[in-house]
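Report on the structure
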Amino acid sequence: MAEPTVTDTAPGPAALRRSPLAHLADRLRDATVTGPRGVSVSEWPYTTMLSLRVEPGSAAAARIEKCLGAALPARCGETAPAGPRTTLWLGPDEWLVVAPPGTAPLTAELHEALAGEPGSVVDVSANRTVLELRGPAARDVLDKGCPLDLHPRVFTPGEAVSTQLGPVPVILWRTAEDTYRLLPRSSFADYLARWLIDAMGEYARPEVT
Amino acid sequence: MLRLNCPWCGPRDETEFHYGGQAHVPFPADPHALDDRQWAEYVFYRDNPKGPFAERWMHATGCRRWFNAVRDTATYQVLATYRLDEPRPDVLSEGGNR
């Protein structure tokens with residue numbers, strides 16, 4: 001993905017939209033911590049997301065895989081990158097296709113590939129927003145509120161799982177060694193952002209030993 | 001805190017799940033043939049054993065799928081989890097069933 005782009009110069013309805021965390025942009029920026037215990041958080045607004053449901057192994061699934069350019073992930077945690085798009089595993093017959101803002105969502109093509117067989121293809125871009133947490137202390141911040149084992153030997157870069165952070169259900173996607181993307185529902189994004197700002201606060205001060 | 005092994009997602013904390021009551025309660029083959037008493041027993045009456053109990057769970061913040069678990073109601077030990085299309089495994093509590 002490229003740097004987050006806010007397309008408020010775009011013509012049409014896109015110029016009127018407002019991301020779920022637009023009102024916290026300054027506070028997210030001010031929460032940045034630098035140094036060996038650095039951690040920062042930013043919103044990646046207007047990410048294109050597509051909910052995909054189809055019977056795995058069926059002819060329709062094969063056509064969809066051809067259209068996406070990658071096999072559908074088969075296990076919890078797996079992701080399948082293909083060009084600008086990444087397919088995340090959400091359930092045994094459910095996936096989320098994530099792409100940078102402005103990418104053609106492929107909705108029509110995938111719907112055609114489904115060809116009336118049981119399943120669904122729905123653009124759910126407005127359902128969730130994306131928060132990116134990065135820095136050497138990012139895992140420590142997540143460990144405060146996530147019940148999962150986030151140690152690299154269990155949760156490796158490229159994996160994505162549905163879980164909870166604090167009380168908020170999120171999709172947690174580790175995109176690189178020190179970079180995590182959090183996908184909460186838009187209505188929970190405000191709470192989650194404030195939760196993260198609070199959790200990041202201690203890393204700005206010297207470590208208490 | 002219970003730790004349940006979701007058949008799709010692996011071991012997760014209890015807080016990620018919803019409880020769904022007793023498992024293996026089949027819908028009546030012919031609901032219209034039941035009298036009020038039989039219908040009430042189907043809707044409301046459940047086993048309450050001390051020991052292994054097959055129950056339904058749903059992984060609410062994960063894959064959102066229903067599955068079954070055998071849990072010892074006295075020790076809270078989760079003895080097995082299995083998909084809905086699998087039969088109840090024959091498991092015993094530690095030290096045998098009460």
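Anything mentioned here points back to the structure above.
Note that the coordinates shown come from a computational prediction; the quantities given were computed from them, not determined experimentally.

1. Section: the overall build of chain B
Within chain B, the secondary structure is distributed over one helix and six strands. The secondary structure elements of chain B, listed N-terminal to C-terminal, are β-β-β-α-β-β-β. Each principal axis of the C-alpha atoms in chain B carries an extent, and together these give about 40 × 35 × 20 Å. Looking at chain B as a whole, 37% of its 98 residues qualify as buried. Looking at chain B alone, contacts between residues at least 24 apart form 44% of all its contacts between residues at least 6 apart. Accessible area for chain B stands at about 6200 Å²; split by element, carbon and sulfur atoms hold 50% of it. Between the averaged position of the 12 positive side-chain charges in chain B and that of its 14 negative side-chain charges there is a distance of 5 Å.

2. Digging into the packing of aromatic side chains
Residues and elements named next belong to chain B. What the rule picks out here adds up to six aromatic pairs over all chains. With 5.7 Å between their ring centres and 75° between their planes, Phe17 and Phe67 make a pair best called edge-to-face. Highlighted residues: Phe17 in strand β3 (residues 17-22) and Phe67 in strand β5 (residues 66-72), separated in sequence by 50 residues. The same class applies to Phe17 and to Phe67, which are both buried. Between Tyr19 and Trp57, the ring centres sit 5.1 Å apart and the planes meet at 70°, which makes this aromatic pair edge-to-face. Residue Tyr19 is found in strand β3, and its partner Trp57 is found in strand β4 (residues 52-59); the two are separated by 38 residues along the sequence. We classify Trp57 as buried; its relative accessible area is 6%.

3. Overview of the pattern of salt bridges
Charged atoms that come close allow side chains of opposite charge to pair. Applying the stated criterion across every chain yields a total of 19 salt bridges over all chains. Its salt-bridge partner being Glu117(A), residue Arg63(A) comes within 3.3 Å of it at the nearest N-O pair. Placement of the pair is Arg63(A) in helix α2 (residues 59-68) and Glu117(A) in the loop between α3 (107-114) and β6 (119-123), with a sequence separation of 54 residues. With a shortest N-O distance of 4.0 Å, Arg83(B) and Glu86(B) are connected by a salt bridge. Because the salt bridges share partners, they merge into one network encompassing Arg53(A), Asp93(A), Glu94(A), Arg64(B) and Arg65(B).

4. Considering the interface of chain B and chain A
Every contact between the two is made by eleven residues of chain B and, on the other side, 15 residues of chain A. For the chain B and chain A pair, buried surface summed over both sides reaches about 1100 Å², with 48% attributable to carbon and sulfur atoms. Broken down residue by residue, the surface that chain B buries against chain A is led by Arg12(B), Thr61(B) and Arg65(B), which jointly contribute 43%. Counting across the interface, chain B meets chain A through three salt bridges.

5. Considering the state of the cysteines
Residues and elements named next belong to chain B. One pass over the structure, following the stated rule, counts zero disulfides over all chains. Cys63 takes part in no disulfide bond, and the closest cysteine sulfur, belonging to Cys9, lies 3.6 Å away. A relative accessible area of 0% places Cys63 in the buried class.

Conventions we followed
Residues numbered from 1 in each chain as written. Chains lettered and ligands numbered in written order. Predicted model: local features only at pLDDT ≥ 70, side-chain atom pairs only at ≥ 80, totals over all residues. Heavy atoms only, no water. Helix = DSSP H or I, 4+ residues; strand = E, 2+ residues; numbered from the N terminus. Buried < 20%, exposed > 50% of the residue type's maximum accessible area, 1.4 Å probe, protein only. Contact = heavy atoms within 4.5 Å. Areas by Shrake-Rupley, 256 points an atom, 1.4 Å probe, with all protein chains shown as cover. Lys, Arg positive; Asp, Glu negative; His and termini not counted. Charge placed at Lys NZ, Arg CZ, Asp CG, Glu CD. Phe/Tyr/Trp six-rings, centres within 6.5 Å; stacked < 30°, edge-to-face > 60°. Salt bridge = Lys/Arg side-chain N within 4 Å of Asp/Glu carboxyl O. Buried area = accessible area lost by both parts, 1.4 Å probe. Disulfide = S-S within 2.5 Å.

Everything listed here is a matter of coordinates, which is why it stays silent on function.
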